[in-house]
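Examining the three-dimensional arrangement
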Amino acid sequence: EDQVTQSPEALRLQEGESSSLNCSYTVSGLRGLFWYRQDPGKGPEFLFTLYSAGEEKEKERLKATLTKKESFLHITAPKPEDSATYLCAVQATGGGNKLTFGTGTQLKVEL
Amino acid sequence: NAGVTQTPKFQVLKTGQSMTLQCAQDMNHEYMSWYRQDPGMGLRLIHYSVGAGITDQGEVPNGYNVSRSTTEDFPLRLLSAAPSQTSVYFCASSPRDLYGYTFGSGTRLTVV
């Protein structure tokens, strides 16, 4: 059974204080790993797709990396508007179009 | 370009009632999915479709039906609502396999 575990569950940062969120996964074969951002009361917003170990993608203050067992979402010099829940999901071989999601990391960035 | 539109935004049902959650997208996406989100459990796939006329079950399909007669619409039917179906439901669409999904804003359903 595919599993996705995200840590920490919650993270509080000061503005400008860089940190990383972790997503560890167990799948039979990874086809893709996805990062989403979710604001309260809204649907998830797609950020990145990573396909193979060693791959990295960046968008503004966010950088996602992938290894064979986990992915990291690095947040550099965060701002209060980066506050949200960050979700990780995997798509595995043999699973069709199914995404398995983690429970998310709730990030709060304070002034 | 509205993206993914879900209606209604809020709904209260009595146990045993049936209803349809509507989902429409205007991006000509082939792939569409329904997820439910419960506290502490993450998003779980209910049903998905890879094109008009093609649907398949996800992780938690019991108590739900879907059909896909057009590319644009993917309604989710609750056959006989139960309190365990109290949740936030999200519809999502994607243009192809292994591509990021665009999610709707959700339907918050309470079954009493």
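Predicted model, so just to flag it, every value in this text is computed and none were measured. The residue numbering used here restarts from 1 in each chain and proceeds along that chain's sequence as written. Written order determines the labels here, with chains lettered from A and ligands numbered from 1. pLDDT decides what is reported in this predicted model: residues at 70 or higher carry local features, side-chain atom pairs at 80 or more are listed and counted, and totals for whole chains, interfaces and linings draw on all residues regardless. For the side-chain quantities, the full set of heavy atoms in the structure was used; hydrogens and water were omitted.

Helix numbers and strand numbers start at the N terminus; a helix is a DSSP run of H or I with at least 4 residues, a strand a run of E with at least 2. If you tally the helices and strands in chain B, you get 0 helices and 11 strands. Its helices and strands taken in sequence order, chain B reads β-β-β-β-β-β-β-β-β-β-β from the N to the C terminus. Each radius of gyration is computed over the set of C-alpha atoms, and the globule rule expresses the reference value as 2.2 Å times the number of residues to the power 0.38. Computed over its C-alpha atoms, the radius of gyration of chain B comes to 13 Å, within 12% of the 13 Å expected for a compact globule of 112 residues. Dimensions of chain B along its principal axes, counting C-alpha atoms only, are 35 × 25 × 25 Å. For chain B, restricting intrachain contacts to residue pairs at least 6 apart in sequence, the fraction spanning at least 24 positions comes to 53%. Per element, the accessible surface of chain B, about 5,100 Å² overall, is 50% carbon and sulfur. The convention is simple: Lys and Arg are positive, Asp and Glu are negative, and His and the chain ends are not counted. Charge coordinates come from a single atom per side chain, which is NZ of Lys, CZ of Arg, CG of Asp or CD of Glu. The positive charge centre, built from 8 side chains, and the negative charge centre, built from 8, are 10 Å apart in chain B. We call two residues contacting when some pair of their heavy atoms lies within 4.5 Å. Residue exposure ignores everything except the shown protein chains as possible cover, and the areas themselves are Shrake-Rupley values with a 1.4 Å probe.

Check the secondary structure of chain A and you find 0 helices and 11 strands. What you see for chain A is a C-alpha radius of gyration of 13 Å, in line with the 13 Å of a compact globule of 111 residues. Taken along its principal axes, the extent of the C-alpha atoms in chain A is 45 × 30 × 20 Å. Contacts in chain A between residues at least 24 apart in sequence constitute 55% of all its contacts with a sequence separation of at least 6. Only carbon and sulfur atoms are counted for the fraction: they give 46% of the accessible area of chain A, which is about 5,400 Å². Taken together, the 13 basic and 15 acidic charged side chains of chain A have centroids lying 3 Å from each other.

Below, the discussion takes up the sheet that holds strand S3 (residues 19–25) of chain B. Paired through their backbone hydrogen bonds, the strands of a sheet run either parallel or antiparallel. Residues and elements named next belong to chain B. Strand pairing is assigned whenever DSSP identifies at least 2 bridges connecting the two strands. In spatial order, the strands read S1-S3-S8-S7; together these 4 strands make up an open sheet with antiparallel pairing. Across the chains shown, the open sheet's two edge strands, defined by having one partner strand only, are strand S1 (4–7) and strand S7 (64–66). Adjacent strand axes in the sheet meet at a mean angle of 20°, parallel and antiparallel pairs treated alike. Pairing geometry for S1 and S3, over 4 bridges, is antiparallel. Angular values range over 0 to 180 degrees, each being the angle between N-to-C directions of two axes fitted as lines to C-alpha atoms, with helices fitted over their stretch in contact.

Time to look at unusual backbone geometry. In the segment running from Ser7 of chain A into Pro8 of chain A, the intervening peptide bond is cis, with an omega of -10°. Cis geometry marks the peptide bond from Thr7 of chain B to Pro8 of chain B; its omega dihedral reads -5°. Mapped onto the elements of the fold, Pro8 of chain B is located in the loop between S1 and strand S2 (10–13). For Glu60 of chain A, which is not glycine, the phi dihedral falls at a positive 55°. Within the secondary structure, Glu60 of chain A sits in the loop between strand S6 (56–59) and strand S7 (62–66).

Turning our eyes to something else, we now look at the interface of chain B and chain A. Counting residues at the interface gives 20 residues for chain B and 22 residues for chain A. Once two parts are joined, some of their accessible surface, as seen by a 1.4 Å probe, is lost; buried area is that loss totalled over both. For the pairing of chain B and chain A, the buried interface totals around 1,600 Å² over both sides, and the portion due to carbon and sulfur atoms is 57%. Within this document, salt bridges are pairs made up of a side-chain nitrogen of Lys or Arg and a carboxyl oxygen of Asp or Glu, the two lying within 4 Å of each other. At the junction of chain B with chain A, the criterion picks out 1 salt bridge. In protein, a polar contact requires one atom able to donate a hydrogen and another able to accept it; more generally it is a pair of N or O atoms within 3.5 Å, and residues adjacent in sequence count only if both atoms are side-chain atoms. Put simply, chain B and chain A have 5 residue pairs in polar contact (both at pLDDT 80 or more) between them.

Another aspect to go through is the pattern of salt bridges. It is possible for side chains bearing opposite charge to pair when their charged atoms get close. As enumerated under the stated definition, the model contains 8 salt bridges over all chains in all. Among the salt bridges present, the one from Arg31 of chain A reaches Asp97 of chain B, with a minimum N-O distance of 2.6 Å. In this pair, Arg31 of chain A is assigned in strand S4 (residues 30–38) and Asp97 of chain B in the loop between strand S9 (87–94) and strand S10 (102–103), connecting two distinct chains. Relative accessibility thresholds used throughout: buried, under 20% of the residue-type maximum; exposed, over 50%; partly exposed, between the two (1.4 Å probe, protein chains only). With a relative accessible area of 26%, Arg31 of chain A lands in the partly exposed category.

All names here are of chain B. Its place among the elements puts Ser94 in strand S9. For Ser94, a relative accessible area of 0% puts it in the buried group. When sequence neighbours within four positions are dropped, the list of residues in contact with Ser94 reads His29, Glu30, Tyr31, Tyr99, Gly100 and Tyr101.

Okay, the state of the cysteines next. All names here are of chain A. Two cysteine sulfurs form what is called a disulfide whenever their separation falls within 2.5 Å. A complete count under the given rule lists 2 disulfides over all chains for this structure. The residue that forms a disulfide with Cys23 is Cys88, at a sulfur-sulfur distance of 1.9 Å. When the S-S torsion is -60°, as for the bridge of Cys23 with Cys88, the disulfide is left-handed. Here Cys23, found in strand S3 (residues 19–26), pairs with Cys88, found in strand S9 (residues 84–92); they are 65 residues apart in sequence, far enough to count as distant.

The next thing to look at is the environment of Thr5 of chain A. Tracing the chain through its elements places Thr5 of chain A in strand S1 (residues 3–7). Apart from the residues lying within four places of it in its own chain, the contact partners of Thr5 of chain A are Asn22, Cys23 and Ser24 of chain A.

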